[in-house]
Amino acid sequence: MRKKISVCIATYNGEKYIKEQLNSILTQLKKDDEIIISDDGSTDKTVEIIKTYVDPRMKFFLNTNGKGPIKNFENAIGKAVGDFIFLSDQDDLWNNTKVEEILTAFSSDEDLTMIFSNADIIDEDGVSKGYSFFKDNNANDKSIIKSFFKNQFLGCTIAFKSELRSKILPFPSKIPMHDWWIGILNLHYGKVLFLNKNLISYRRHNNNVTSESSSNLSKIVSWRNTLFWLFLKRILKNS
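Here is a short report on the structure shown in this document. (Residues numbered from 1 in each chain as written. Predicted model: local features only at pLDDT ≥ 70, side-chain atom pairs only at ≥ 80, totals over all residues. Heavy atoms only, no water.)

**A closer look at the pairing of strand S6 (residues 114–122)**
Counting buried positions over the nine residues of S6 gives nine, a clear majority of the element. One ladder, built from two bridges, connects S6 with strand S8 (residues 159–161); its direction is antiparallel. Within S8, the residue paired with Ile 115 across the bridge is Ala 159. Where S6 and strand S7 (residues 128–132) come together, two bridges link them in antiparallel fashion. Its bridge partner being in S7, Ile 122 is matched across the sheet by Ser 128. Where S6 hands over to S7, the hairpin turn is made up of five residues, of which Gly 126 adopts a positive phi near 85°. (Buried < 20%, exposed > 50% of the residue type's maximum accessible area, 1.4 Å probe, protein only. Helix = DSSP H or I, 4+ residues; strand = E, 2+ residues; numbered from the N terminus. Pairing = 2+ DSSP bridges.)

And the structure:
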């Protein structure tokens, strides 16, 4: 029997793309799986669109952990009860073989605790830009030390075993990005696999959450320093 999947989506003013994304996910889920949606106080029609779905697999929550995507994802992950937790943005599209390929990879190596994949970059209208997020296979060359210098993970492609959740949560309030934190903790406590396949279409548009590429040098240095000390504090606490 296939293990239960929880898909965690953090939403905020995502009315333009949320329906298309949900449809791309629901077709791949079994009746016992779930989609956990945490909304961060949307002021558009996001919540209204979500509530048009009459599907017992969909569970909706308001984020009460604190504003912002990091705390919004924390709220969603904390509500999940599946054996495998898949993260999803509100505006991408899942390849129709994503769930199957991720689960097959997990079943091939019982030591794996986290898998993330490549992604095809699309524009606002869903048209491929002709290149992937990770442009070569260097994402396979992972180490904790390297990961402190550069975030090697793409959150909207991550899936991890629920047994790691107690190590990951709660998210420290000052981590720069949730996927960075999840990836590093999985490298420490488990085993991470990069699948160099475009298992989602990653939408680039003006409302994407700002990445480190647009941040100034002092902020980037501060992020790395903060991440290191928070990581050290967490593993000492968990030991």
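**Looking at the pattern of salt bridges**
A pair can form between side chains of opposite charge whenever their charged atoms are brought close. Under the definition given, this model contains nine salt bridges. Of the charged contacts, one joins Asp 33 and Arg 2 as a salt bridge, the two residues approaching to 1.9 Å between their closest N and O atoms. Of the two residues, Asp 33 sits in the loop between helix H1 (18–26) and strand S2 (34–39) while Arg 2 sits in the segment before strand S1 (5–11), which places them 31 residues apart along the sequence. Since its relative accessible area comes to 4%, Asp 33 is described here as buried. (Salt bridge = Lys/Arg side-chain N within 4 Å of Asp/Glu carboxyl O.)

**Overview of the state of the cysteines**
All told, the structure shown has zero disulfides when counted by the stated rule. Just so you know, Cys 8 is unpaired, no disulfide at all, and the nearest cysteine sulfur is the one on Cys 156, 14 Å from it. Accessibility expressed as a relative area gives 0% for Cys 8, which makes it buried. Judged by its relative accessible area of 3%, Cys 156 is buried. (Disulfide = S-S within 2.5 Å.)

**Section: helix H8 (residues 217–238)**
Each full turn of the α-helix corresponds to 3.6 residues, which orients residues three or four apart in the same direction. Compared with an ideal rise of 1.5 Å per residue, which puts 22 residues at 32 Å, H8 spans 32 Å between its outermost C-alpha atoms and is within 8% of the ideal. Contacts from the buried residues of H8 go to helix H5 (144–149), helix H6 (165–168) and helix H7 (178–189). (Expected span 1.5 Å × (residues − 1). Contact = heavy atoms within 4.5 Å.)

**Structural notes on the packing of aromatic side chains**
Applying the stated rule across the entire model yields eleven aromatic pairs. Ring centres of Phe 148 and Phe 231 lie 5.3 Å apart, and the angle between their planes is 70°; this geometry places the pair in the edge-to-face category. With Phe 148 in helix H5 and Phe 231 in helix H8, this pair connects stretches of sequence that are 83 residues apart. Phe 231 matches Phe 148 in its accessibility class, with the two residues each being buried. (Phe/Tyr/Trp six-rings, centres within 6.5 Å; stacked < 30°, edge-to-face > 60°.)

**Topic: unusual backbone geometry**
Apart from glycine, the bulk of residues carry a negative phi angle, and the bulk of peptide bonds sit in the trans form. Here Leu 169 and Pro 170 are connected by a cis peptide whose omega angle stands at -5°. Position of Pro 170 among the secondary structure elements: in the loop between H6 and H7. Not every positive phi belongs to a glycine, and Asn 13 is a case in point at roughly 45°. Tracing the backbone through its elements, the reader meets Asn 13 in the loop between S1 and H1. By relative accessible area, which is 30% here, Asn 13 ends up partly exposed.

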